[in-house]
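Breakdown of the fold
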Amino acid sequence: MSGTIRTESGGRSTGRPTLEEVAVLAGVGRGTVSRVINGSPRVRDATREAVRAAVAELGYVPNRAARALAANRTDAIALVVPEPEDRFFAEPYFSDMVRGVGAALADTEMQLLLTLAGGDRERRRLAQYLAAHRVDGVLLVSVHADDPIPDLLAELSVPLVISGRRSGDETLAVVDADNFAGARAAVAHLAARGRRRIATITGLLDVYGSRLRVAGYSAALAEAGIAEDPALTARGDFTEEGGRRAMRELLARRPGLDAVFAASDVMAGGARQVLREAGRRVPDDVALVGFDDSVTARLMDPPLTSVRQPIEEMGRTMVEVLLGEIGAGPDGRGERRARPRVVLPTELVVRDSS
């Protein structure tokens, strides 16, 4: 294909090639070019090749904004974290999640909008933003049982994937780690090392994953023939200060404890500080295990045994599921189809703390 391409007004084309110029060079209509660019199967092979050759010769680059507008799309997704800023920046979990999401989006044309919605004001502002359909879908991380955001998005028919179920009968698309199996493996490891007075520091119990970790703790104790002592359970909140506070409570109630399973590495770090202040050696006097296998675990003294949950892989998988949800839409009857549920395995990484 060669020759001079002229605009409808007869003037020579200048600047960025247009869809009309591609159509003229390929000898087809504008609508045919649009169907080829958007991947429509309703185009003959010979026509498709002619359009592609014209695109290549002219160096035509589709206008993303125009394509998105025509398809009623924004080419953007939101990563929503309903947590306050201090927790978001303090916990390695969230940075690993963002890294995984970003990696999955790197080869797509999707833009990522990160939104923290830790308070009522932020949630209201988020609701108004999403109601305007400014994103094609939402990734929701760190979901609490009473969080109104998932139901709001369902009402707005915004495609949604959450990290972690809200309950055992979750109806939304979800990507999760096997919290129960991870906790059970951690406590079984402690029991196998001869520990018999094993305490636990829980996470926030309005998070279903935290309750599963408590259930895994209880199951491992039963399997090891160890009677569960309620005084060896202290509630935490996934923060370092929460770990310190819970550890002080446990030592006050059961000073003879010989092991602690903390539901996050950050809380294990707080517990480690209190044990040191109390003159308890880790692991000689008290073995310590965390959850997440974050950088905190590797840098602790001694290095922390921890349950590795594949956080970056969770982020990547959430994107894959969400893109599928965006592409699938409602079924033929205008109803939403059954939602995917992905549970990724965890792994116990044994280090010197246990």
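Anyway, here's the lowdown on the structure attached to this text. If you're wondering where the values come from, they're calculated on a predicted model, not measured in any experiment.

Quick look at the sheet that holds strand β5 (residues 173–177)
Spatially, the six strands line up as an open sheet ordered β2-β1-β3-β4-β5-β11, and their pairing is parallel. Of all the strands in the sheet, the pair left with one neighbour each is β2 (111–116) and β11 (341–344). When the angles between neighbouring strand axes are averaged without regard to direction, this sheet yields 15°. Examined bridge by bridge, strand β4 (residues 160–163) and β5 share three bridges and lie parallel to one another. If you follow Val-161 over to β5, its bridge partner there is Ala-173. Across the sheet, helix α6 (residues 92–105) is in contact with β1 (76–81), β2, β3 (137–141) and β4; its angle to β3 comes to roughly 155°.

Looking at the pairing of β4
Burial of β4 is two-sided: the residues Leu-160 and Ile-162 facing one way and the residues Val-161 and Ser-163 facing the other way are all buried. Bridge count for β3 against β4 is four bridges, and the pairing is parallel. Along β4, the bridge assignment pairs Val-138 with Leu-160. Between β3 and its parallel partner β4, the chain crosses via helix α8 (residues 149–155), and the hand of that crossover is right-handed.

Re the pattern of salt bridges
The tally for this structure, following the rule as stated, stands at 23 salt bridges. With a closest N to O distance of 2.6 Å, Arg-87 and Glu-83 form a salt bridge. What makes Arg-87 buried here is its relative accessible area of 11%. Taking relative accessible area as the criterion, Glu-83 reaches 5% and is therefore assigned buried. Among the ionic pairs, Glu-241 bridges to Arg-244, the shortest N-O distance being 2.8 Å. Of this pair, Glu-241 and Arg-244 both sit in helix α11 (residues 240–253), three residues apart, roughly one helical turn.

A word on the sheet that holds strand β6 (residues 198–202)
One open sheet accounts for six strands, arranged β7-β6-β8-β9-β10-β12; its pairing is mixed. Strands with a single pairing partner mark the edges of an open sheet, and in this sheet they are β7 (233–235) and β12 (347–349). Pairwise comparison of adjacent strand axes, ignoring direction, gives a mean angle of 20° for this sheet. Of the strands in this sheet, β6, β8 (259–262), β9 (287–292), β10 (305–308) and β12 are in contact with helix α9 (residues 179–192), which crosses β9 at around 165°. Packing against the sheet, α11 makes contact with β6, β7 and β8, and its axis sits at approximately 150° to β7.

Quick look at the environment of Arg-254
Position of Arg-254 relative to the elements: it lies in the loop between α11 and β8. Classification of Arg-254 as partly exposed rests on a relative accessible area of 35%. Separated by 23 residues in sequence, Arg-254 and Ala-231 place their C-alpha atoms 7.1 Å apart.

Let's talk about the packing of aromatic side chains
A ring pair, where both rings are aromatic, is described by two values, the distance of the centres and the angle of the planes. Counted under the stated rule, the structure contains four aromatic pairs. Ring geometry for Tyr-93 against Phe-94: centres 5.3 Å apart, planes inclined by 90°, an arrangement best described as edge-to-face. Looking at Phe-94, the relative accessible area reads 1%, which means it is buried. One aromatic cluster is present, built from ring pairs that chain together Phe-88, Phe-89, Tyr-93 and Phe-94. Across from the ring centre of Phe-291, 3.7 Å away, lies the NZ or CZ of Arg-213, which sits over that ring.

Some remarks on the nonpolar core
Ile-198, Ile-201, Met-247, Leu-257, Val-260, Phe-261 and Leu-288 are the most contacted members of the largest nonpolar core, which has 40 residues in total. Counting only elements with at least two residues in this core, the list comes to α9, β6, α10 (208–223), α11, β8, α12 (265–277) and β9. Counting 24 residues, the second-largest nonpolar core is a separate cluster that includes Leu-139, Val-141, Val-161 and Met-318.

Quick notes on α10
Relative to the 22 Å expected for 16 residues at 1.5 Å per residue, α10 spans 23 Å between its end C-alpha atoms, a close match to the ideal helical length. Those residues of α10 not exposed but buried are Tyr-208, Gly-209, Ser-210, Leu-212, Arg-213, Gly-216, Tyr-217, Ala-219, Ala-220 and Leu-221. Residues of α10 that are buried sit in contact with α9, β6, β7, β8 and β9. Of the residues one or two after α10, Gly-225 is the one with positive phi, at around 75°.

Concerning the packing of helix α1 (residues 19–26) against helix α2 (residues 30–37)
Helix-helix packing is characterised by the crossing angle of the two axes and by the distance between the axes. Axis separation between α1 and α2 bottoms out at 8 Å; the angle between their running directions is 105°. On the basis of the axis angle, α1 is roughly perpendicular to α2. Here Leu-19, Glu-20, Val-22 and Ala-23 of α1 lie close against α2, whose contacting residues are Arg-30, Val-33, Ser-34 and Ile-37.

Criteria and thresholds
- Residues numbered from 1 in each chain as written.
- Predicted model: local features only at pLDDT ≥ 70, side-chain atom pairs only at ≥ 80, totals over all residues.
- Heavy atoms only, no water.
- Pairing = 2+ DSSP bridges.
- Helix = DSSP H or I, 4+ residues; strand = E, 2+ residues; numbered from the N terminus.
- Axes fitted to C-alpha atoms, helices over the stretch in contact; angles between N-to-C directions.
- Contact = heavy atoms within 4.5 Å.
- Buried < 20%, exposed > 50% of the residue type's maximum accessible area, 1.4 Å probe, protein only.
- Right-handed = clockwise from strand over helix to strand, strands pointing away.
- Salt bridge = Lys/Arg side-chain N within 4 Å of Asp/Glu carboxyl O.
- Phe/Tyr/Trp six-rings, centres within 6.5 Å; stacked < 30°, edge-to-face > 60°.
- Lys NZ or Arg CZ within 6 Å of the ring centre and 35° of its normal.
- Core = buried A, V, L, I, M, F, W, Y, C linked by side-chain atoms within 4.5 Å.
- Expected span 1.5 Å × (residues − 1).
- Parallel < 35°, antiparallel > 145°, perpendicular 65-115°, else oblique.

Taken by themselves, the reported measurements are silent on function.
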